[in-house]
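Each chain, letter by letter, is given below.
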Amino acid sequence: MTEKIVLVNEDGIRTDGRKLSELRPIKLEVGILSNADGSAYIEQGKNKILAAVYGPREVHPRHMALPDRALLRCRYHMAPFSVEERKSPAPSRREVELSKVIREAFEPAIFLEKFPRTSIDLFIEVLQADGGTRCAGVTVASLALANAGIPMRDLIVACAAGKAGGHLVLDLNDIEDKEGEADIPIAYMPSFNAISLLQMDGLLTIEEFQQAINLALEGCKQIYALQKEALKAKYQAIKETAEVTEEE
Amino acid sequence: MMSVMVSRIRRQQIAQLIADGKRLDGRGLKDYRPIQIESGIIGKAEGSARVRLGKTEVMVGVKIDIGEPFSDRPNEGVLTTNAEFVPLASPEFEAGPPGEESMELARVVDRGVRESKAIELEKLCIIPGKKVFVIFVDVYVLNHDGNLIDASTLASIAALLNTKIFKYEIKDGEVEKKPDLSPLPLRDIPISVTFASINGILVVDPWLDEEEVMDARLTIAFSKDGKICAIQKGGSGTLSPQQIIEAANIAKEKTEELREIVVKS
């Protein structure tokens, strides 16, 4: 057996130098793929994830079309080179499950009823994975949907909290996820105080669970501010270009 | 279009009753349907059980084989959980490769068993890094009337509780089965409790009609010592943080009741 890894040292500092309730550095970019109707990119720690949205568009196969709302489809997928040992490109059971819960996380946010008989296809490609990819994937997919101009009740933002090395921690990285005691990914609509994705594995008392949820929601609120900033930065740039053209 | 219309009327009826603290089938909001557990019903399987949760019926068979361990856990046996939505169980089920619903079911059942460390996998190593016992838990849905997760978790636990593992001898690096059997080493009995949120009100053990009109589903599994070991939210609605904590407290109480039923069976 391998030696027990120290996930949190006596000063309360984690393996990557973070404090217990500190997020990893996050970089967000909006509108980076020209073919997609909307796209975005996130780096959260060592995670590198692309999201793209196509639609609303005609549904194929057509019998899947819904008479009263748009069909939301979601594919969460990890690139074969995104992890230490090559991952088969065929969708694993984990990826199928995550695609489902991510889709369900977005369904309450999107005004699907505005686009009956169409599909909105959401693709999340994990290029490099370092723990917490479903949450980072949700955060970036939300920006891709906004970039595609799809009306939403709120941006969805996601963040995990959990327990590692005996401490409650925010935004678990890969080692903390694998060697830690528990991981709780949460997706959240801050304007409604509504949770649309919730999972947990590991072992926690109800009290710890309650604290971890609060911690994750604090993380969500911080990332929410970054999401809005990224969108503003994108459209501010477009606005400025437009003004320059007008003056000419 | 028809189904949408019917479900709207149905939804109103179900939701109105729930708002008054009642349910269409006469249960209280926190009541389970009657639970029946039969164990050891498949002689060819190393462990088996059938659970009836109201009209929902799930069978679980446990098979044991010898295989290779995962490279990062060379001294531990392997647990594999699979779920099959057999087409005879519902007009909605079709034969063919597993869909996302059955994969989710298998993974949620697996999560409860794995995260509570219910099976003492470290006792299932035969030759470190080379040969270990592989425990296959196969969930077979026979009649779908809602809440497959809880029925499948109960059936899996009941089946694991009566699973017998063969004794063996190692001769020249080969494993030879011996005729005598011993019980599968278990240290925990995880139990899940599933809620449906209907117009913001939580009900326990939703049946099929309630699942069709629910906004969101929430499953919380507890280990023997009262710790949460697995959670899964499903459905296209949302839950408030308060609702989730309320659910956890109700679930903790309920799991104790259910655990007694399984242990006694």
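As shown above, the structure is provided for reference.
Residues numbered from 1 in each chain as written. Chains lettered and ligands numbered in written order. Predicted model: local features only at pLDDT ≥ 70, side-chain atom pairs only at ≥ 80, totals over all residues.

1. Overview of the environment of Ser142 of chain A
Residues and elements named next belong to chain A. Our working rule: By definition, any uninterrupted DSSP run of H or I lasting at least four residues is a helix, any uninterrupted run of E lasting at least two residues is a strand, and each is numbered from the N terminus. Any residue surrounded by 20 or more other C-beta atoms within 10 Å of its C-beta is treated as buried, while 12 or fewer makes it exposed and the intermediate range makes it partly exposed; C-beta atoms here are placed from the backbone. Whether two residues are in contact is decided by their C-beta atoms, placed from the backbone, lying within 7 Å.
Tracing the chain through its elements places Ser142 in helix H2 (residues 133-147). A residue is classified by how many C-beta atoms lie within 10 Å of it, and Ser142, with 28 of them, is buried. Taking the C-alpha atoms as reference points, Ser142 and Ala52, separated by 90 residues in sequence, lie 9.8 Å from one another. With sequence-adjacent residues up to four places away left out, Ser142 is seen in contact with Leu155, Ile156, Val157 and Gln227.

2. Looking at the pairing of strand S9 (residues 194-204) of chain A
As a reminder of what qualifies: Here the rule is simple: two strands pair whenever DSSP picks up at least two bridges between them.
Across the 11 residues that make up S9 of chain A, a large majority, 11, are buried. In terms of strand pairing, strand S8 (residues 182-189) of chain A meets S9 of chain A through six bridges, oriented antiparallel. Bridging from a neighbouring strand, Asp183 of chain A pairs with Asp201 of chain A of S9 of chain A. A loop of four residues connects S8 of chain A with S9 of chain A, the two strands running antiparallel in sequence, and Asn193 of chain A in this loop sits at a positive phi of about 50°. In this sheet, strand S12 (residues 228-234) of chain B lies alongside S9 of chain A in antiparallel orientation, the contact comprising four bridges. Each bridged residue has a counterpart across the sheet, and for Asp201 of chain A the counterpart in S12 of chain B is Ala230 of chain B.

3. Re unusual backbone geometry
A cis amide bond links Gly55 of chain A with the next residue in sequence, Pro56 of chain A, at an omega value of 0°. In this fold, Pro56 of chain A is placed in strand S3 (residues 47-58). Note the cis peptide between His60 of chain A and Pro61 of chain A, where omega equals -5°. Relative to the assigned elements, Pro61 of chain A resides in the loop between S3 and strand S4 (71-78). Not every positive phi belongs to a glycine, and Lys117 of chain B is a case in point at roughly 55°. Here Lys117 of chain B shows up in the loop between helix H2 (100-115) and strand S5 (125-127).

4. Looking at the nonpolar core
For the record, the criterion: By convention in this section, buried Ala, Val, Leu, Ile, Met, Phe, Trp, Tyr and Cys residues joined through C-beta atoms within 7 Å make up a nonpolar core.
Counting 144 residues, the largest nonpolar core has Ala158 and Ile186 of chain A together with Val139 and Ala155 of chain B as its most contacted members. Here this core gets 10 residues from one element, more than from any other, and that element is helix H3 (residues 148-161) of chain B.

5. Quick word on the interface of chain B and chain A
Listed per partner, the contact involves 30 residues of chain B and 30 residues of chain A. Looking at the side of chain B that touches chain A element by element, the count peaks at seven residues for S12 of chain B.

6. Some points on the pairing of strand S7 (residues 164-171) of chain B
All names here are of chain B. Summarising burial for S7: zero of the eight residues are buried, a small minority. Here S7 pairs with strand S8 (residues 174-183) via seven bridges, running antiparallel. Each bridged residue has a counterpart across the sheet, and for Ile165 the counterpart in S8 is Ser182. Counting the residues that bridge the hairpin from S7 to S8 gives two residues, and of these Asp172 lies at a positive phi of roughly 50°.

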